[in-house]
Amino acid sequence: LTLTILDEEGSQAAQEKGRAKGDLVIPSVHLWEPGAAYLYTAKIEFGGDVYFQTFGMRSVEVKGTQFLINGKPFYFKGYGKHEDSEVHGRGLNEALNVKDIALMKWMGANSFRTSHYPYAEEMLNLCDREGIVVIGETPAVGLNFPEIKEDWYRDLSRTKEHHEEVIRDMVARDKNHPCIVMWSVANEPDTAARAESAYEYFQPLYQLAHACDPQDRPVTVVVCNNDYVKDLVAPAMDVICMNRYYGWYIFGGDLDSAKQAMKAEMEYWKEKNKPVIITEYGADSVAGLHAAVPGMFSEEYQTAYYETINAVLDDCPFVVGEHTWNFADFATIQGLMRVDGNKKGLFTRERRPKMAAHYFKNRWT
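Going along each chain's sequence as written, the residues are numbered from 1 onward. Given that the model is predicted, a residue must reach a pLDDT of at least 70 before its local features are reported, and side-chain atom pairs must reach 80 or more before they are shown or counted; all residues, however, enter totals for whole chains, interfaces and linings. For the side-chain quantities, the full set of heavy atoms in the structure was used; hydrogens and water were omitted.

1. Quick look at helix H2 (residues 121-130)
Point 1. What H2 keeps buried is the set Met 123, Leu 124, Leu 126, Cys 127 and Asp 128.
Point 2. Helix and strand labels come from DSSP, where a helix needs a run of H or I of at least four residues and a strand needs a run of E of at least two; each type is numbered from the N terminus. Gly 131 occupies a position one or two residues after H2 and carries a positive phi of about 75°. Partly exposed describes any residue whose relative accessible area lies between the buried limit of under 20% and the exposed limit of over 50%, with all areas from a 1.4 Å probe on protein chains only and scaled to the type maximum.

Pasting the structure below:
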């Protein structure tokens, strides 16, 4: 066995021959930084086989209310996203991925979450190369915890077995990507209605994600708008990640009440002494719909909504990130709440910026 580490210029940075296990030291290591990627390549030779694996050197740590990358405080600026586009539909679109990363950089964004499933490896490779930070998420959306019944225990057991499987698969596949700095094991489960059952379900999964990962990256569960005082899962995570829609699904059209509700909740989370990321917040807007007085579904209301909520976030030093919902409009099932899909994108489905995209560009740059 020969293991050679190559730097970005293709020069040898370190090498070990013969041993199958051991340590390799890269002298004067060049760190992978958000927005300033640097990738090494591991070249593994055995017999006639040669395998290449790119990787980056960087550290991730949660310390108090800070999220640290390479020992420096990091603030998540970005989005929830979907692998979705006009004409192509759902799935991998490599040309569009390049376009999306370019739009993120145009806005000054530095991160996104793979809501609500692991994305194609090609996208993660691109984020490694472009220095975009990623929260990797399992395909576990909207898990509920019904009243205890005999058949419910059986169903939950099967669900948990599969949940464990997808966590192992996700970490095994994506562990070498420097862009991934945190694992999300679920999105919007019901963690309040049956708080103790939810905690008993998620705590072993939290521990599993840590145990599977050689880097021991932070682990979270993204919780939804619920009775947060009863929530036992969110405070038990390394980072508190929450989706909040005051001003849309709650107090829709009433931004004064939305601001007060957001303030009240942030006072509660302040006492937990953990970093908080708003992993979803937003309002639908139909591109081209304008109003002198901001009303729901207008581009003006979407922008005013973000201005209102961000004013609260800016007063909370324990908040370490803001991810809007969504990067771009996307297709959904037909229903009374959706007009031609979900319109919460900062961009249209065709990737044309709305007013809110320009607002965040000014904010993030």
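2. Some points on the pairing of strand E12 (residues 133-137)
Point 1. E12 sits mainly inside the fold: five of its five residues count as buried.
Point 2. The side-chain alternation of E12 yields two buried faces, one formed by Val 133, Ile 135 and Glu 137 and the other by Val 134 and Gly 136.
Point 3. Summarising the sheet, strand E11 (residues 111-113) and E12 pair through three bridges and their orientation is parallel. For Arg 113, the partnering residue across the bridge sits in E12 and is Ile 135.
Point 4. Any two strands are treated as partners once DSSP identifies two or more bridges connecting them. Sheet topology note: the E12/strand E13 (residues 180-187) ladder contains four bridges and is parallel. Its bridge partner being in E13, Val 134 is matched across the sheet by Ile 180.

3. Some points on the packing of aromatic side chains
Point 1. Pairing of aromatic side chains here covers Phe, Tyr and the six-membered ring of Trp, requires ring centres within 6.5 Å, and sorts the geometry by plane angle: under 30 degrees stacked, over 60 edge-to-face, intermediate tilted. Across all of its chains, the model carries 24 aromatic pairs by this definition.
Point 2. Here Phe 74 and Phe 76 contribute two aromatic rings whose centre-to-centre distance is 4.8 Å and whose plane-to-plane angle is 80°, an arrangement assigned as edge-to-face.
Point 3. The buried category is assigned to Phe 76, whose relative accessible area is 0%.
Point 4. Considering the side-chain rings of Tyr 117 and Tyr 119, the 5.2 Å spacing of their centres and the 40° angle between planes classify their relative orientation as tilted.
Point 5. Residue class for Tyr 119 comes out buried when judged on its relative accessible area of 2%.

4. Regarding helix H7 (residues 355-364)
Point 1. Here H7 has its buried residues at Ala 356, Ala 357, Tyr 359, Phe 360 and Trp 364. Taken down its axis, H7 places every buried residue within 160° of arc, on the same side.
Point 2. In what follows, residue pairs with any heavy atoms lying within 4.5 Å of each other are defined as contacts. Of the surrounding secondary structure, the elements contacted by the buried residues of H7 are strand E8 (76-80), helix H1 (94-107), helix H6 (299-313) and strand E17 (319-324). The directions from the helix axis to the C-beta atoms are what the arc is built from.

5. Here we look at empty space enclosed by the protein
Point 1. The pocket and cavity definitions rest on a 1 Å grid over protein atoms only: a 1.4 Å probe that fits but cannot leave marks a cavity, an open set with protein on both sides within 12 Å along at least five of seven lines marks a pocket, and residues lining either have an atom within 4 Å of a point. Grid points are joined across faces, edges and corners, and a volume is the space filled by probe spheres set on the points. With the rule as written, the count across this model stands at four cavities of 30 Å³ or more.
Point 2. Around the largest cavity, the lining is made up of 14 residues, and of these Lys 81, His 82, Glu 83, Gly 91 and Asn 97 lie nearest the centre.
Point 3. Per-element tally for the lining of the largest cavity: the top contributor is H1, with three residues.
Point 4. The class makeup of the residues in the lining of the largest cavity is four nonpolar, five polar and five charged. Any residue that is not Ala, Val, Leu, Ile, Met, Phe, Trp, Tyr, Cys, Pro, Asp, Glu, Lys or Arg is counted as polar, Gly included; the first ten are nonpolar and the last four charged.

6. Let's talk about the nonpolar core
Point 1. Only buried residues count toward a nonpolar core. Its members are Ala, Val, Leu, Ile, Met, Phe, Trp, Tyr and Cys residues joined through side-chain atoms within 4.5 Å. Among the nonpolar cores identified, the biggest contains 94 residues, and Phe 67 and Met 266 are the most heavily contacted of them.
Point 2. Within the second largest apolar cluster, seven residues are counted, among which are Ile 5, Ala 14, Ile 26 and Phe 55.

7. Here we look at the environment of Asn 97
Point 1. Note that Asn 97 resides in helix H1.
Point 2. Taking the C-alpha atoms as reference points, Asn 97 and Met 123, separated by 26 residues in sequence, lie 6.6 Å from one another.
Point 3. In this structure Asn 97 touches Leu 92, Met 123 and Leu 126, once residues within four positions along its chain are discounted.

8. Examining the pattern of salt bridges
Point 1. Only one rule defines a salt bridge in this text: a Lys or Arg side-chain nitrogen within 4 Å of an Asp or Glu carboxyl oxygen. The final tally for this structure, using the stated rule, is 19 salt bridges.
Point 2. With its nearest N and O atoms 3.0 Å apart, the salt bridge here joins Glu 280 to Arg 113. Of this pair, Glu 280 sits in strand E16 (residues 276-280) while Arg 113 sits in strand E11, placing them 167 residues apart in sequence. Per residue, the accessibility class of Glu 280 equals that of Arg 113, and both read buried.
Point 3. Close ionic contact of Lys 230 with Asp 227 constitutes a salt bridge, the shortest N to O distance being 3.6 Å.

9. Re unusual backbone geometry
Point 1. In this chain, Ser 115 is followed by His 116 through a cis amide linkage whose omega measures -5°.
Point 2. Among the secondary structure elements, His 116 is positioned in the loop between E11 and H2.
Point 3. A cis amide bond, omega 15°, links Trp 325 with the succeeding residue Asn 326.
Point 4. Structurally, Asn 326 is set in the loop between E17 and H7.
Point 5. The phi torsion at Phe 251 lies on the positive side, around 55°, for a residue other than glycine.
Point 6. Here Phe 251 is to be found in the loop between strand E15 (240-243) and helix H5 (255-270).
Point 7. Here Phe 251 falls in the partly exposed class, since its relative accessible area comes to 40%.
Point 8. Of note, Arg 351 is a non-glycine position whose phi angle comes to about 75°, a positive value.
Point 9. Here Arg 351 lies in the loop between E17 and H7.
Point 10. The buried category is assigned to Arg 351, whose relative accessible area is 5%.

10. A few points about the sheet that holds E17
Point 1. With respect to topology, eight strands assemble into a closed barrel ordered E8-E11-E12-E13-E14-E15-E16-E17, the strand pairing being parallel. Neighbouring strand axes in the sheet, compared pairwise and without regard to direction, differ in orientation by 25° on average.
Point 2. As judged from the four bridges shared by E8 and E17, these two strands associate in the parallel manner. Note that in E17 the partner of Tyr 79 across the bridge is Thr 324. Geometry is summarised by axes, namely lines fitted to C-alpha atoms with helices restricted to the contacting stretch, and by angles between N-to-C directions that run from 0 to 180 degrees.

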